[in-house]
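# Survey of secondary and tertiary structure
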Amino acid sequence: PRWRSRGGVSAGLMWLQQREAAGALRHTCEQGEGQPRYGWLQHDGDAFGAQEIRERGLLLRTEFLKRPGGEHGGDWSWRITALPDPGTSTDTVRARGAAPCGRLQDPAVRNGNRVAPGGPGANAAPCAPQDALLSLFFYVATDGQGTLQPHVEDGARLASVTGSTEELGSFNISFLKPTTETGAEPKYASYHYLDAASPGLHLLTELVRGSLSKRGLFAPPAGPRRRF
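Here we summarise the structure given alongside this text. (Residues numbered from 1 in each chain as written. Predicted model: local features only at pLDDT ≥ 70, side-chain atom pairs only at ≥ 80, totals over all residues. Heavy atoms only, no water.)

## Brief notes about the pairing of strand β9 (residues 147–153)
Under the convention used in this document: Any two strands between which DSSP finds at least two bridges are classified as paired. Numbering of helices and strands starts at the N terminus; helices are DSSP runs of H or I of at least 4 residues and strands are runs of E of at least 2.
Two elements, β9 and strand β10 (residues 157–165), share seven bridges in a ladder whose sense is antiparallel. Residue Val-152 lies in a different strand from β10, and its bridge partner there is Leu-158. As consecutive antiparallel partners, β9 and β10 are separated by three residues, and within that stretch Asp-154 has a phi angle of approximately 55°, a positive value.

## Describing the pattern of salt bridges
Where we set the bar: Salt bridge criterion: a side-chain nitrogen from Lys or Arg within 4 Å of a carboxyl oxygen from Asp or Glu. Only protein chains enter the accessibility calculation, which uses a 1.4 Å probe. A residue is then buried if its area is under 20% of the maximum for its type, exposed if over 50%, and partly exposed in between.
Inspection of the entire model under this criterion finds seven salt bridges. Close ionic contact of Arg-61 with Glu-52 constitutes a salt bridge, the shortest N to O distance being 2.9 Å. A relative accessible area of 8% means that Glu-52 is categorised as buried. Salt bridges linked by common partners bring Glu-52, Arg-54 and Arg-61 together as one network.

## A few points about the pairing of β10
When you tally the buried positions in β10, you get seven out of nine residues, the bulk of the element. The antiparallel hairpin formed by β10 and strand β11 (residues 169–174) contains three residues in its connecting segment.

## Description of the sheet that holds β10
Worth spelling out the cut-off: Whenever a helix is involved, its axis is fitted only over the stretch in contact; in every case the axis is a line through C-alpha atoms, and angles between N-to-C directions fall within 0 to 180 degrees.
Ordered in space as β9-β10-β11, the three strands form an open sheet in which the pairing is antiparallel. Two strands bound the open sheet, and with one partner strand each, they are β9 and β11. Between one strand axis and the next, the sheet turns by 15° as a mean value, whatever way the strands run. As paired strands, β10 and β11 are joined by six bridges and run antiparallel to one another. For Thr-165, the partnering residue across the bridge sits in β11 and is Gly-169.

Shown next, in the form of structure tokens:
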């Protein structure tokens, strides 16, 4: 979502399926990139929407809802659901402001100076034993004005971002812990975040891509080690 102002706040999602062969970091869906299906299932153009993205055995569903009120139109809530293709026997995993079922990174970036110490990292958790690891990257950024301050729990999990802009005023974005479909904690999930200066919103994809390690190692408790 993006505040309807040139200097407003932007938030979004990138994702990466990690396999034995190199995966591609995705930020948008474009024709000709091989996704079997993507698009909005429901959208009223104002207060709610739901979309699905299908790609290489992965189904991503994003949903948002606006609650009216306050001086700036209301509060926004969103949820990301990640699961394998239908027919795969595994738990559905949902994220409300954070993402399990994969290797997660929470970048908090702004245009201009660094706002807090931090660095790139990775976590890994498979959607199913035979599946690729999935990384979900949530970002918050400003373009030209305003401030952002990340708030980190346990040294790695981005719990919230606070900030202010001239038009929006003070705001808070919370990233809740991930859950499975039943509300339980995911079997494997870990978190890292990136705090960095951005030369512009159009270069956020390259900023995140450049922060990633060339190779990774996933070693779940009592499970085999896998290299990516």
